[in-house]
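Spelled out, the chains give:
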Amino acid sequence: MMNNSRRQFLKQAGIGLSAAYLMPNFISCQNKAGAISDNPLQNIGVQLYSIRDLMDKDPKGSLEQIAKIGYKHVELYGIDSKAKQFWKLSYKELKKILDDNGLKTHSGHYDMSKYLSKAHTDKEDLAVYFDAAKELGQEYVIAPVTPMFDLNALKKDDYLYAAEQLNKAGEQAKKLGLKIAYHNHFWEFRDLGNNTSGEEVMLAFTEPDLVDFELDLFWAEKAGKNPIALFEKFPNRFKLWHVKDMDKTKSNPIEWPKEGKLPIEQIFNDIKYTEVGTGSINFPEIVKERNKAGLKYAFVEQDNIYMPNKMESLKKSYDYVQANLTK
């Protein structure tokens, strides 16, 4: 049985109790003429995990509303590997809905928690993910998290193993015209000694031609990391961003314990999301360095939306991006 803090963590991280082991749902530019924009935020996408309840109830109607807001592409999550479906839709059915609404999907979050874990031999079948990505016209197959079975047990060797596995997946993906990427949360930035974090280990030991990184700006900032400093240290590695804002009342960075376990419950009691542009993250300054990061695709994401109308929330974020981050 999990303790309360573990359960609360999984719930707030968007994983759910069973997903710590099964992970089915944790797993979230071109202009109209088809040309690549100099600023990918002009053609901002959205990670559909932001509206997971709406997607579960009405994926077709939700995608229609997303397109009406102005979003140009969507990042998928939650593949049903056995049924080969998303939201009970076949890949072909989902692709038609996207096409009918002028939406593309360049990337998806696909569970690789066992694939990246030294402790598991029952790895996920990446071939299923690659098939889905190819059918949907995606470019990136993204590992959304480290192994989630015991976050406090993750050491440098675990991240080295994850990097090796990501490289292997990258080699397979490259043969199919796809690319692997890794999406961070906060625990990857915990100091493992010698001022080195798990995120930095993976960046250093993955091959740039095989593995890119999706930087979640919220989690980097919450972990006390300056995204611009990351771009300078690892240029051209952060081809994808999650543009997610931090409520000003909960903007203090995590105070990392020098030793011992991460205070998961305490950390999540000090987290609150908000619409892009209304919080504490200085997006205009970060966006100025997009070329240094190598940015190609960006996505609005809000793990928990507190407004009654979630589409209004996504529109508020979209409008801010278009007015302030597209120059």
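These figures come from a predicted structure and were not determined experimentally.

Asker: Is there a simple way to explain the packing of helix 6 (residues 156-175) against helix 7 (residues 198-205) in this structure?
Answerer: For any two helices packed against each other, the geometry comes down to the angle between their axes and how far apart the axes lie. Across the interface, helix 6 lies against helix 7 with an axial gap of 9 Å and an inter-helix angle of 35 degrees. Taken as a pair, helix 6 and helix 7 cross one another with a handedness that is right-handed. Seen from helix 6, the contacting residues are Lys 156, Tyr 159, Leu 160, Ala 162, Ala 163, Leu 166 and Asn 167; seen from helix 7, they are Gly 198, Val 201, Met 202 and Phe 205. Its residues assigned to classes, the contact of helix 6 with helix 7 comprises eight nonpolar, two polar and one charged.

Asker: Looking at this structure, I do not really get the pattern of salt bridges. What am I missing?
Answerer: Where side chains of opposite charge bring their charged atoms close, a pairing between them can arise. This model, assessed by the stated rule, comprises 20 salt bridges. Residues Lys 96 and Asp 100 are paired through a salt bridge, measuring 2.8 Å at the closest nitrogen-oxygen approach. Of this pair, Lys 96 and Asp 100 both sit in helix 4 (residues 91-100), four residues apart, which is roughly one turn of that helix. Considered together, Lys 96 and Asp 100 belong to a single accessibility category, that of exposed residues. With its nearest N and O atoms 3.2 Å apart, the salt bridge here joins Lys 174 to Asp 209. Of this pair, Lys 174 sits in helix 6 while Asp 209 sits in the loop between helix 7 and strand 8 (211-216), and the two are 35 residues apart along the sequence. Given a relative accessible area of 43%, Asp 209 falls into the partly exposed group.

Asker: Please clarify how the side chain of Arg 237 should be interpreted in this entry.
Answerer: Tracing the chain through its elements places Arg 237 in the loop between helix 9 (227-233) and strand 9 (240-243). For the buried residue Arg 237, which engages in no salt bridge, the nearest side chain bearing the opposite charge is Asp 212, 4.9 Å off. Side-chain polar atoms of Arg 237 contact the backbone oxygen of Leu 203, separated by 2.8 Å. Apart from residues no more than four positions distant in its own chain, Arg 237 is found in contact with Leu 203, Thr 206, Glu 207, Pro 208, Val 211, Asp 212, Phe 213 and Ala 293.

Asker: Would you explain the packing of aromatic side chains in this entry?
Answerer: For any pair of aromatic rings, the description consists of the separation of the ring centres together with the inter-plane angle of the planes. Per the stated rule, a full pass over the model turns up 20 aromatic pairs. Considering the side-chain rings of Phe 186 and Trp 219, the 5.5 Å spacing of their centres and the 45 degrees angle between planes classify their relative orientation as tilted. Remark: Trp 219 occurs in helix 8 (residues 217-222) and Phe 186 occurs in the loop between strand 7 (179-183) and helix 7; sequence separation between them is 33 residues. Summarising the burial analysis for this pair, Phe 186 and Trp 219 share the class buried. Each residue in the set Tyr 49, Tyr 77, Phe 86, Trp 87, Tyr 91, Tyr 110 and Tyr 129 is aromatic and connected to the rest through ring pairs, giving one cluster. Positioned above the aromatic ring of Tyr 49, the side-chain terminus of Arg 52 is 4.1 Å from the ring centre.

Asker: It is not clear to me how the nonpolar core should be interpreted in this structure. Could you clarify?
Answerer: Nonpolar side chains in soluble globular proteins tend to be buried together. Within the largest apolar cluster, 94 residues are counted, with the highest numbers of intra-cluster contacts made by Leu 48, Ile 66, Phe 86, Phe 186, Phe 238, Trp 241 and Leu 314. For Phe 86, the residues in contact, after removing those within four places along its chain, are Leu 76, Tyr 77, Gly 78, Ile 79, Tyr 91, Leu 94, Tyr 110, Ala 132 and Leu 136. Counting residues in each nonpolar core, the second largest holds six residues, with Tyr 140, Ala 181, Leu 240 and Phe 299 among its members.

Asker: Mind showing me how you'd approach unusual backbone geometry here?
Answerer: Here Lys 84, not a glycine, exhibits a phi torsion of approximately 55 degrees, which is positive. Secondary-structure assignment places Lys 84 in the loop between strand 2 (73-76) and strand 3 (85-86). Backbone geometry at Asn 195 places phi at a positive 55 degrees, although glycine is not the residue there.

Asker: Would you take a moment to explain the pairing of strand 2 for this structure?
Answerer: A regular strand carries its side chains on alternate faces of the sheet. The alternating pattern of strand 2 places His 73 and Glu 75 on one face and Val 74 and Leu 76 on the opposite face, and all of these are buried. Judged from the three bridges that link them, strand 1 (residues 45-47) and strand 2 form a sheet pairing that is parallel. Opposite Gly 45, over in strand 2, you have His 73 as the bridge partner. Two elements, strand 2 and strand 5 (residues 104-109), share three bridges in a ladder whose sense is parallel. Residue pairing for strand 5: His 73 is matched across the bridge by Lys 104.

Each value, and the rule that gives it
Residues numbered from 1 in each chain as written. Predicted model: local features only at pLDDT ≥ 70, side-chain atom pairs only at ≥ 80, totals over all residues. Heavy atoms only, no water. Axes fitted to C-alpha atoms, helices over the stretch in contact; angles between N-to-C directions. Helix = DSSP H or I, 4+ residues; strand = E, 2+ residues; numbered from the N terminus. Left-handed = near helix turned anticlockwise from the far one by under 90°. Contact = heavy atoms within 4.5 Å. Nonpolar A, V, L, I, M, F, W, Y, C, P; charged D, E, K, R; others polar. Salt bridge = Lys/Arg side-chain N within 4 Å of Asp/Glu carboxyl O. Buried < 20%, exposed > 50% of the residue type's maximum accessible area, 1.4 Å probe, protein only. Lys, Arg positive; Asp, Glu negative; His and termini not counted. Polar contact = N/O pair within 3.5 Å; in protein donor to acceptor, adjacent residues only side chain to side chain. Phe/Tyr/Trp six-rings, centres within 6.5 Å; stacked < 30°, edge-to-face > 60°. Lys NZ or Arg CZ within 6 Å of the ring centre and 35° of its normal. Core = buried A, V, L, I, M, F, W, Y, C linked by side-chain atoms within 4.5 Å. Pairing = 2+ DSSP bridges.

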